[in-house]
Amino acid sequence: MKRLKKTSRGPWTGKEKWGCQGEKVRKQNEKDHTGEQQKTEHSTHSERKRRDSFGMFDGYDSCSEDTSSSSSSDESEEEVAPLPSSLPIIKNNGQVYTYPDGKSGMATCEMCGMVGVRDAFYSKTKRFCSVSCSRSYSSNSKKASILARLQGKPPTKKAKVLQKQPLVAKLAAYAQYQATLQSQAKTKSAVSLEGFSWGNYINSNSFIAAPVTCFKHAPMGTCWGDISENVRVEVPNTDCSLPTKVFWIAGIVKLAGYNALLRYEGFESDSSLDFWCNICGSDIHPVGWCAASGKPLVPPRTIQHKYTNWKAFLVKRLTGAKTLPPDFSQKVSESMQYPFKPSMRVEVVDKTHLCRTRVAIVESVIGGRLRLVYEESEDKTDDFWCHMYSPLIHHIGWSRSIGHRFKRSDITKKQDGHFDTPPHLFAKVKEVDQSGEWYKEGMKLEAIDPLNLSAICVATIRKVLADGFLMIGIDGSEAADGSDWFCYHATSPSIFPVGFCEINMIELTPPRGYTKLPFKWFDYLRETGSIAAPVKLFNKDVPNHGFRVGMKLEAVDLMEPRLVCVATVTRIIHRLLRIHFDGWEEEYDQWVDCESPDLYPVGWCQLTGYQLQPPAPQTSRESQSGSSKQKKKAKSQQYKGHKKMTPLQLKEELLDGEEYSFLQGASDQESNGSASYYIKQEP
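Computed from a predicted structure; not experimentally measured.

### Focus: the overall build of the protein chain
Now for step 1: Across its full length, the protein chain holds 15 helices and 29 strands.
Now for step 2: A total of 683 residues make up the protein chain; the buried ones form 52% of that total.
Now for step 3: Long-range contacts, defined as pairs at least 24 residues apart, comprise 67% of the intrachain contacts of the protein chain with a sequence gap of at least 6.
Now for step 4: Just so you have it, the protein chain exposes about 31,700 Å², and 51% of that area is on carbon and sulfur atoms.

### A short note on the pairing of strand β6 (residues 232–236)
Now for step 1: In terms of burial, β6 is a largely internal element, 5 of the 5 residues being buried.
Now for step 2: As paired elements, β6 and strand β7 (residues 247–256) share 5 bridges and run antiparallel to each other. Each residue of the ladder has a partner; that of Val-233, found in β7, is Ala-250.
Now for step 3: Relative to strand β10 (residues 285–286), β6 runs antiparallel, the two being bridged by 2 bridges. Bridge pairing links Glu-234 to His-285 in β10.

### Topic: the packing of aromatic side chains
Describing an aromatic ring pair means giving the distance of the ring centres and the angle of the ring planes.
Now for step 1: By the definition in use, this model includes 29 aromatic pairs.
Now for step 2: Plain terms: the ring middles of Phe-215 and Phe-547 are 5.4 Å apart, the flat faces sit at 85 degrees to each other, and that makes the pair edge-to-face. Taken as a pair, Phe-215 in the loop between β5 (208–209) and β6 and Phe-547 in the loop between α12 (521–528) and β24 (551–556) lie far apart in primary sequence, 332 residues in all. Of the two residues, Phe-215 and Phe-547, neither departs from the other in class, the shared state being buried.
Now for step 3: The rings of Phe-196, Trp-198, Tyr-201 and Phe-207 are connected pair by pair, giving a single aromatic cluster.
Now for step 4: Seen from the ring of Tyr-374, Arg-358 lies directly overhead, with NZ or CZ sitting 4.0 Å from the centre.
Now for step 5: Above the ring of Phe-207, the side-chain terminus of Lys-552 is found at 4.0 Å from the ring centroid.

### A short note on the pattern of salt bridges
Now for step 1: Counted under the stated rule, the structure contains 29 salt bridges.
Now for step 2: One salt bridge in this structure joins Asp-541 and Lys-430, with 3.8 Å as the shortest N-O distance. With Asp-541 in the loop between α12 and β24 and Lys-430 in the loop between β17 (419–420) and β18 (444–449), this residue pair connects regions lying 111 residues apart in the sequence.
Now for step 3: In this structure, Arg-578 engages Asp-589 in a salt bridge whose closest nitrogen and oxygen atoms are separated by 3.7 Å. Note that Arg-578 is positioned in strand β26 (residues 576–581) and Asp-589 in the loop between β26 and β27 (590–593), a separation of 11 residues in sequence.
Now for step 4: According to the relative accessible area criterion, Arg-578 is buried, its value standing at 15%.
Now for step 5: Owing to a relative accessible area of 5%, Asp-589 belongs among the buried residues under this scheme.
Now for step 6: If you follow the salt bridges from partner to partner, you end up with Asp-350, Lys-351, Arg-356, Arg-358, Glu-376, Asp-382 and Lys-407 in one network.

### Comments concerning the sheet that holds β6
Now for step 1: The strand order across the open sheet formed by 5 strands is β9-β8-β7-β6-β10, and the pairing between neighbours is antiparallel. The open sheet is flanked by β9 (275–278) and β10, the only strands paired with a single partner.
Now for step 2: Relative to the sheet, helix α8 (residues 310–318) contacts β6 and β7, its axis offset from that of β7 by approximately 30 degrees.

### What about α8?
Now for step 1: Every buried residue belonging to α8 is among Trp-310, Phe-313, Leu-314 and Leu-318, and all of these are buried. Buried residues of α8, viewed axially, fall in a sector of 110 degrees; they line one side.
Now for step 2: Those residues of α8 that are buried are in contact with β6 and β7.
Now for step 3: Taken from the residues just after α8, Gly-320 is the one with a positive phi, measuring 85 degrees.

### Here we look at the side chain of His-580
Now for step 1: By the secondary structure assignment, His-580 is in strand β26.
Now for step 2: A relative accessible area of 16% places His-580 in the buried class.
Now for step 3: Side chain to side chain, His-580 and Asp-589 meet in a polar contact 2.7 Å long.
Now for step 4: For His-580, the residues in contact, after removing those within four places along its chain, are Val-566, Ala-567, Thr-568, Thr-570, Glu-585, Glu-586 and Asp-589.

### A short note on the pairing of strand β19 (residues 452–464)
Now for step 1: In terms of burial, β19 is largely enclosed, as 10 of its 13 residues are buried.
Now for step 2: Across 6 bridges, the pairing between β18 and β19 is antiparallel. Note that in β19 the partner of Ala-447 across the bridge is Cys-457.
Now for step 3: With antiparallel pairing between neighbouring strands as the criterion, β18 and β19 make up a hairpin whose turn holds 2 residues.
Now for step 4: Sheet topology note: the β19/strand β23 (residues 508–509) ladder contains 2 bridges and is parallel. What sits directly across from Cys-457, in β23, is Thr-509.

### Topic: the nonpolar core
Now for step 1: The biggest cluster of nonpolar side chains holds 104 residues, and the ones touching the most others in it are Tyr-439, Phe-547 and Ile-579.
Now for step 2: With 7 residues, β19 is the single largest residue contributor to this core.
Now for step 3: When residues no more than four places from it in sequence are discounted, the contact partners of Tyr-439 are Ile-461, Val-464, Leu-470, Ala-490, Ile-495, Ala-533, Leu-537 and Phe-538.
Now for step 4: Of all hydrophobic cores here, the second largest spans 20 residues; its members include Leu-354, Val-362, Cys-386 and Leu-425.

### Points about the state of the cysteines
Now for step 1: This model, assessed by the stated rule, comprises 0 disulfides.
Now for step 2: The closest cysteine sulfur to the non-disulfide-bonded Cys-501 is located on Cys-457, 8.7 Å from its own sulfur.

### Quick notes on the side chain of Asp-475
Now for step 1: On the secondary structure map, Asp-475 appears in the loop between β20 (469–474) and β21 (486–489).
Now for step 2: A polar side-chain atom of Asp-475 sits 2.5 Å from a polar atom in the side chain of Thr-460.
Now for step 3: Contact partners of Asp-475, with chain neighbours within four places excluded, come to Lys-444, Val-458, Ala-459, Thr-460, Arg-462, Pro-511, Arg-512 and Tyr-524.

### Brief notes about unusual backbone geometry
Now for step 1: The omega torsion across Leu-517 and Pro-518 is 0 degrees, close enough to zero to call that bond cis.
Now for step 2: Here Pro-518 lies in the loop between β23 and α12.
Now for step 3: Of note, Ser-206 is a non-glycine position whose phi angle comes to about 55 degrees, a positive value.
Now for step 4: One non-glycine residue, Asn-230, lies in the positive phi region at around 80 degrees.
Now for step 5: Within the element layout of this structure, Asn-230 appears in the loop between β5 and β6.

### Quick notes on α12
Now for step 1: Within α12, the full set of buried residues consists of Trp-521, Tyr-524 and Leu-525. Projection of α12 onto a plane perpendicular to its axis shows the buried side chains occupying an angular sector of 100 degrees, all on one side.
Now for step 2: Each element contacted by the buried residues of α12 is listed here: β18, β19 and β23.
Now for step 3: Where α12 ends, the next residue or the one after it, Gly-529, has phi of about 65 degrees, a positive value.

Definitions and cut-offs
- Residues numbered from 1 in each chain as written.
- Predicted model: local features only at pLDDT ≥ 70, side-chain atom pairs only at ≥ 80, totals over all residues.
- Heavy atoms only, no water.
- Helix = DSSP H or I, 4+ residues; strand = E, 2+ residues; numbered from the N terminus.
- Buried < 20%, exposed > 50% of the residue type's maximum accessible area, 1.4 Å probe, protein only.
- Contact = heavy atoms within 4.5 Å.
- Areas by Shrake-Rupley, 256 points an atom, 1.4 Å probe, with all protein chains shown as cover.
- Pairing = 2+ DSSP bridges.
- Phe/Tyr/Trp six-rings, centres within 6.5 Å; stacked < 30°, edge-to-face > 60°.
- Lys NZ or Arg CZ within 6 Å of the ring centre and 35° of its normal.
- Salt bridge = Lys/Arg side-chain N within 4 Å of Asp/Glu carboxyl O.
- Axes fitted to C-alpha atoms, helices over the stretch in contact; angles between N-to-C directions.
- Arc of directions from axis to C-beta.
- Polar contact = N/O pair within 3.5 Å; in protein donor to acceptor, adjacent residues only side chain to side chain.
- Core = buried A, V, L, I, M, F, W, Y, C linked by side-chain atoms within 4.5 Å.
- Disulfide = S-S within 2.5 Å.

Here's what the structure looks like:
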């Protein structure tokens, strides 16, 4: 592979803060700077000797040697402070390592608000200062989440170190982590110091991730192509002592969403230096990119002795091999361009009254997810999160056009810079013919309860709107004023014909207060004098979605739609997926459509810059199991007590200490496909 002229570049990531390998940590900046210069000169000289014997470095004649300047500047930005008394002092070759006192080393307890050293905090995610705070938070999680929604709090960054810590910080943190493990007698494997890692999580448990092609709304979802195992790419070579960024060929060993487990070419079956990376990242290139860009291909130091002619080796290994398309990075960039822009106006469901919509302003766009701020919110804290293809948002004037309830804004004039979103940008629903046999008010059906997404309930059509939209109410728990009715389209995959749950062995939630158990539809229809909605009117299409039970993915917690969490597909019924949030009780599971825009491939958060919520730590799981009986008891009683409360009553009850579930809206993406339902007939 012919090399082009190498252009001068700075050092590569990973060693700039601590000099070249083998150099001891200096106590004085002047000695450190001098040592780096000497080490750089020696390293460059030795690399020039080695390259002469490889025969593939033609044109690689001017490797930049001025690497100490950026190293010293980076090092000066992170001052090293004395180690807190709660952390042990680590000594190595007589050098005392200390802990950095900076933002990346501090944490705030999410329960009591105490600020302290992050790695002295409790739990794997370092969210709490003590066991007491961790358990108190878990027991009050429902109450806290409801209040957060009512107050419109934005996403918080939990358990993630945003700045790379120096080596000494990692050593100190690791020592503290080991001490914590011993003191608490934990049996779980250690969590990465940098936070949750999809690669480690999948490798250690042999998990399988849903392929990118399952998510048509995600970047590259429709143009992923045949990227699979054994595809070759050019990636940075981290097993090299050169003072500049160099590359080498690697092959995909395993795919997990956007993430790929890579192995450097030449390692054969040796997995010692395998590493995970996001295949859509800026450092991943098709084979041939280095030659076209004048970048050096340097074999990893570990295997340099294996061959004398690396050029011939690469020609032999790469002949007939697959690589990424030449325009792969361009496609990634294009697929991450979103038509929604800040200051656009939309109509969105009112999270305090699901039966109506309100005007909201697009505040920010992250990976296609919109942070919407209700127009009347002066301090911009009354917000709502959803995807741009969510069925919960519509163009201005949509509510009036179909007869949906709408809350008029006190703001009579649009603010400067705000403008209505073009109607063609919103998700399209399937056209329906309402002229023949159609839904009627009072018809019975089964529907996912938007106030409890883990339940499919007995429901009633309360109002028929235009363009195929329906207002649905949950039997036995409706508010007197209909404020908890919610809008589903007739083709929505979140509504089902009578008997759907029984046929598919799903637990159907009966009306609250209904005493004739087990629930029988034919008895209930006769008692209420109602009729079931015709089966032929429901959406029976099931696409070939590609999901399988056990697949991992990243999913929005629709009870907290600002959060994207590590999740698993635990059940598949036609196009309906049961989503479980790893580390949490099953009562938090949610029914979601296979084409919902609230599901994403593994690595989506990393690719788009969104905050990923890792699995609940062991402490949270222990506290959940200790209180699960009480939670389940309260959950079963919510259908036997009084009717659902209005948001104002709900907030008052929360302040009094009661636990309730409250959701900001429905969830599932309306979509199409092919299959059929079968309803049992009884005499």
